[in-house]
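Overview (structure and organization)
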Amino acid sequence: MNLPSTSRFSSVGLLAALLCASLAPSAAFAQRMPTAADAPWYVMLTGGASMVSDPSVTLGGATGRLDLASGTTFGGAVGRRFGESLRGELEMSYRSNTLKGASVRGIDSSQPDGDLAALFVMANVYYDFAPIQTGPARVRPYVGLGVGFAQEVDADLQARGAAGQFSGSRAAWQLGLGVNWDYGSRWFAGAGLRYTDAGRIDMAGSGAVGGQSLDLRYRAFTASASVGYRF
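Presented here is an overview of the structure given in this document. (Residues numbered from 1 in each chain as written. Predicted model: local features only at pLDDT ≥ 70, side-chain atom pairs only at ≥ 80, totals over all residues. Heavy atoms only, no water.)

With respect to the side chain of glutamate 89
Assignment of secondary structure puts glutamate 89 in strand 5 (residues 86-102). The class for glutamate 89 is buried, based on a relative accessible area of 6%. One polar contact links glutamate 89 to tyrosine 42, side chain to side chain, over a distance of 2.6 Å. Ignoring any residue separated from it by four or fewer positions in sequence, one finds glutamate 89 in contact with Tyr42, Met44, Ala77, Val78, Gly79, Met122, Ala123, Asn124 and Tyr126. (Helix = DSSP H or I, 4+ residues; strand = E, 2+ residues; numbered from the N terminus. Buried < 20%, exposed > 50% of the residue type's maximum accessible area, 1.4 Å probe, protein only. Polar contact = N/O pair within 3.5 Å; in protein donor to acceptor, adjacent residues only side chain to side chain. Contact = heavy atoms within 4.5 Å.)

And the structure:
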């Protein structure tokens, strides 16, 4: 039996109303989402884990390695969008890893207070891929490249029971990838991975190791979470 025309119209109207209701949150979300035109700048805070590959070192002609534990990283960035996919930022980050042991003649193999810390200042360029809608959030994967400076790399070490410090600086570069989540406001959150390489750093000694120099190979991986705000 065919439905009366009024019933068909009622059914079509009900389906249209349900469809509009289901699309309304997405439309409102799209309207609220700041674009690169109305909010090109952003600031961001990050924190996470630092994993420095056990660096090869040379001290007074003796070579070996430092055994480092996983550590922490924290920092921040100021960035600007150039269109919807390209952005640049200036980032500062600090990383610290405690020393578990050493296989270098002249450095105590066991020491409770040894560590390797580094401050990096980097200029990064990122490419954001097309957003992926996932429920109330919009996910944007990204990749990027950065160049900058290992402004200060410090190794607090004990030599024959006496505490000393080696410090140095050098140009560095890094690769990054991750995702950012937008929730329909100027706030956003993210998660990312970084590989940072400062090559071999010539570090001058002070304190108990004064007058000596340490040649250290610095490579680090970091995994971090971030929160940011666009303006």
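So, the packing of aromatic side chains
As enumerated under the stated definition, the model contains 8 aromatic pairs in all. Centroid distance tryptophan 173 to tyrosine 195: 5.7 Å. Interplanar angle 65°. Geometry classified as edge-to-face. Of this pair, tryptophan 173 sits in strand 9 (residues 162-182) while tyrosine 195 sits in strand 10 (residues 187-207); the two residues are 22 residues apart in sequence, bridging distant segments of the chain. Since its relative accessible area comes to 36%, tryptophan 173 is described here as partly exposed. Over the aromatic face of phenylalanine 120 sits the side chain of arginine 95, whose NZ or CZ is 4.8 Å from the ring centroid. (Phe/Tyr/Trp six-rings, centres within 6.5 Å; stacked < 30°, edge-to-face > 60°. Lys NZ or Arg CZ within 6 Å of the ring centre and 35° of its normal.)

Looking at empty space enclosed by the protein
Tallied over the full model, the rule gives 3 cavities of 30 Å³ or more. Along the wall of the largest cavity there are 24 residues; nearest its centre are Met44, Thr46, Glu91, Arg194 and Ser224. For the lining of the largest cavity, the secondary-structure elements that each account for two or more residues are strand 1 (41-52), strand 4 (71-82), strand 5, strand 10 and strand 11 (213-230). Its residues assigned to classes, the lining of the largest cavity shows 7 nonpolar, 12 polar and 5 charged. In this structure, the second largest cavity spans a volume of roughly 100 Å³. Forming the walls of the second largest cavity are Tyr42, Arg81, Arg87, Asp128, Arg140, Asn180, Asp182, Phe188 and Arg230. Of the residues assigned to the lining of the second largest cavity, the class counts are 2 nonpolar, 1 polar and 6 charged. (1 Å grid on protein atoms, 1.4 Å probe; cavity = no way out; pocket = protein on both sides within 12 Å on 5 of 7 lines; lining within 4 Å. Points joined across faces, edges and corners; volume = space filled by probe spheres on them. Nonpolar A, V, L, I, M, F, W, Y, C, P; charged D, E, K, R; others polar.)

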